[in-house]
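Notes for the structure review
One-letter residues, chain by chain:
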Amino acid sequence: MNPDVLGDLDSLPQEDKIRMTSMIDQLQIRDSLRMYNSLVERCFTDCVDTFRRKTLDKQEETCVRRCAEKFLKHSMRVGMRFAELNNNAATKDD
């Protein structure tokens, strides 16, 4: 978990801090699973056309790899941009 988030919880009693930490961890896991499921659904829908055999053919495999790379790069960029905006907002408050 992000230590910056825990710093804001210091004023809480220990029991509440543990409960909040657990809730934050669960939310992060849920969001990670949603992102993974979204990635799988999008790339499968875009790249897999037929079920001729058990494994992906070369074209499908290449498409899935590119799709996953684009999705992850986009997610990283959005996260970085969000962090930049968050830092800018925090410095304006100081």
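We now turn to the structure provided with this report.

Cut-offs applied
- Residues numbered from 1 in each chain as written.
- Predicted model: local features only at pLDDT ≥ 70, side-chain atom pairs only at ≥ 80, totals over all residues.
- Heavy atoms only, no water.
- Helix = DSSP H or I, 4+ residues; strand = E, 2+ residues; numbered from the N terminus.
- Contact = heavy atoms within 4.5 Å.
- Areas by Shrake-Rupley, 256 points an atom, 1.4 Å probe, with all protein chains shown as cover.
- Expected span 1.5 Å × (residues − 1).
- Buried < 20%, exposed > 50% of the residue type's maximum accessible area, 1.4 Å probe, protein only.
- Patch = residues over 30% accessible without salt bridge, like charges linked within 9 Å, V, L, I, M, F, W, Y side chains within 5 Å.
- Salt bridge = Lys/Arg side-chain N within 4 Å of Asp/Glu carboxyl O.
- Disulfide = S-S within 2.5 Å.
- Core = buried A, V, L, I, M, F, W, Y, C linked by side-chain atoms within 4.5 Å.

What about the overall build of the chain?
Across its full length, the chain carries three helices and zero strands. Moving toward the C terminus, one meets the helices and strands of the chain in the order α-α-α. Within the chain, contacts between residues at least 6 apart in sequence are counted, and of these 38% link residues at least 24 apart. By element, 56% of the accessible surface of the chain is carried by carbon and sulfur atoms, the whole surface being about 8100 Å².

Considerations on helix 2 (residues 14–47)
With 34 residues, helix 2 extends 49 Å between its outermost C-alpha atoms, agreeing within 8% with the 50 Å of an ideal straight helix rising 1.5 Å per residue. Those residues of helix 2 not exposed but buried are Lys-17, Thr-21, Ile-24, Leu-39, Cys-43 and Cys-47.

Looking at a nonpolar patch on the surface
Together, Tyr-36, Val-40, Phe-44 and Phe-51 give the surface a local cluster of nonpolar side chains, amounting to about 470 Å² of exposed area. Note that Phe-51 resides in the loop between helix 2 and helix 3 (58–93).

A word on the state of the cysteines
Taken as a whole and assessed by the stated rule, the structure comprises two disulfides. There is a disulfide in this structure between Cys-43 and Cys-67, and the S-S distance comes to 2.0 Å. Linking Cys-43 and Cys-67, the disulfide has an S-S dihedral of approximately -90° and is accordingly described as left-handed. Note that Cys-43 is positioned in helix 2 and Cys-67 in helix 3, a separation of 24 residues in sequence.

Overview of the nonpolar core
With six residues, the main nonpolar core is built from Leu-39, Cys-43, Cys-47, Cys-67, Ala-68 and Phe-71. Listing elements by their share of this core, those giving two or more residues are helix 2 and helix 3. Among all residues touching Cys-43, those that are not within four sequence positions of it are Val-48, Val-64, Cys-67 and Ala-68.

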